[in-house]
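Chains, contacts and geometry: an overview
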Amino acid sequence: MKRARVVSANKFWTVLARFPSGVTLVTARGDCGGARGLTVSAFCSVSLDPPLVVASVARSARTLTAIQEAGRFEISHLGEQHRAVVSLFATKRTDKFNGEWTALVPHVFPVLPDALFAMECLRAPDIPGR
């Protein structure tokens, strides 16, 4: 049996970046840090009863702290017309809710009003990764 060859992390990322999937905006309003958000492509449904979804967020993401503080997070599923929002929220900038993106209603529940769909989610226990 032939053994699989291990590829570099950069090559692995490059290949998977070409995999077409939906892009989801995950946002939360923490106790101390205000509104935070990031784009997530690792989002899927887990169960219909009870209704559960999973959104994979890096432990190092500032948005994770806001989710943990709030105990909930918001999902906005983005379409082709949201390319600029995707680009902005894929960065580590701290001012993502300023300027032209104030439509995200940063003082209430931060969702994108013209998203393909939006939902508010309660946080379930974390599943630790490596």
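From a predicted model like this one, the values you see are computed outputs, not experimental measurements.

A closer look at the overall build of the protein
Helix and strand counts for the protein come out as 3 helices and 6 strands. Secondary structure elements of the protein, listed N to C terminal, follow the sequence α-β-β-β-β-α-β-α-β. The 130 residues of the protein split such that 27% are buried. Taking the contacts inside the protein whose residues are at least 6 apart along the sequence as the reference set, 64% of them involve residues at least 24 apart.

A short note on the confidence of the model for the protein
Overall, the prediction assigns the protein a mean pLDDT of 82, with 86% of residues at 70 or greater. The spread of mean pLDDT over the elements of the protein runs between helix α1 (residues 9-17), the lowest at 80, and strand β5 (residues 72-78), the highest at 91.

Remarks on a nonpolar patch on the surface
Judged by side-chain polarity, V7, F12, V15 and L16 come together as a nonpolar surface patch covering roughly 370 Å² of accessible area. Tracing the backbone shows V15 in helix α1.

Details of the side chain of E74
Secondary-structure assignment places E74 in strand β5. Side-chain polar atoms of E74 contact the side chain of R72, separated by 3.2 Å. What E74 contacts, discounting residues up to four positions off in sequence, is L25, V26, T27, A28, F109, P110, V111, M119 and E120.

Let's talk about the sheet that holds strand β2 (residues 34-40)
Read across the sheet, 4 strands follow the order β2-β1-β5-β6 without closing on themselves; strand pairing throughout is antiparallel. Since the sheet does not close on itself, it has two edges, and those belong to β2 and β6 (117-122), each with one partner. Sheet twist, expressed as the average angle between the axes of neighbouring strands with direction ignored, equals 20°. By the bridge criterion, 5 bridges tie strand β1 (residues 23-30) to β5 in an arrangement that is antiparallel. Opposite L25, over in β5, you have S76 as the bridge partner. Contacting β1, β2 and β5, helix α2 (residues 62-70) runs over the sheet at an angle of about 55° to β1.

Observations regarding the side chain of T24
Mapped onto the elements of the fold, T24 is located in strand β1. Of the residues examined, T24 reaches a relative accessible area of 1% and is grouped as buried. A distance of 3.3 Å separates the side chain of T24 from the side chain of H77, its partner in a polar contact. When residues no more than four places from it in sequence are discounted, the contact partners of T24 are L38, T39, V40, F43, I75, S76 and H77.

Here's the deal with the layout of surface pockets
Reported here for the largest pocket is a volume of approximately 770 Å³. Around the largest pocket, the lining comprises 26 residues; the ones closest to its centre are V54, A55, A124, P125 and D126. Mapped by element, the contributors of at least two residues to the lining of the largest pocket are β3 (43-48), β4 (51-55), α2 and β6. Tallying contributions element by element places β4 first for the lining of the largest pocket, with 5 residues. Taken together, the residues of the lining of the largest pocket break down into 18 nonpolar, 4 polar and 4 charged. In this structure, the second largest pocket occupies an estimated 590 Å³ of space. Contributing to the lining of the second largest pocket are W13, L16, A17, F19, S21, V23, T39, V40, S41, A42 and S56. Of all the secondary structure elements, the ones that give two or more residues to the lining of the second largest pocket are α1 and β2. With 3 residues, α1 is the largest single contributor of residues to the lining of the second largest pocket. Grouping the amino acids of the lining of the second largest pocket by side-chain chemistry returns 7 nonpolar, 4 polar and no charged.

Analysis parameters
Residues numbered from 1 in each chain as written. Predicted model: local features only at pLDDT ≥ 70, side-chain atom pairs only at ≥ 80, totals over all residues. Heavy atoms only, no water. Helix = DSSP H or I, 4+ residues; strand = E, 2+ residues; numbered from the N terminus. Buried < 20%, exposed > 50% of the residue type's maximum accessible area, 1.4 Å probe, protein only. Contact = heavy atoms within 4.5 Å. pLDDT = per-residue confidence, 0-100. Patch = residues over 30% accessible without salt bridge, like charges linked within 9 Å, V, L, I, M, F, W, Y side chains within 5 Å. Areas by Shrake-Rupley, 256 points an atom, 1.4 Å probe, with all protein chains shown as cover. Salt bridge = Lys/Arg side-chain N within 4 Å of Asp/Glu carboxyl O. Polar contact = N/O pair within 3.5 Å; in protein donor to acceptor, adjacent residues only side chain to side chain. Pairing = 2+ DSSP bridges. Axes fitted to C-alpha atoms, helices over the stretch in contact; angles between N-to-C directions. 1 Å grid on protein atoms, 1.4 Å probe; cavity = no way out; pocket = protein on both sides within 12 Å on 5 of 7 lines; lining within 4 Å. Points joined across faces, edges and corners; volume = space filled by probe spheres on them. Nonpolar A, V, L, I, M, F, W, Y, C, P; charged D, E, K, R; others polar.

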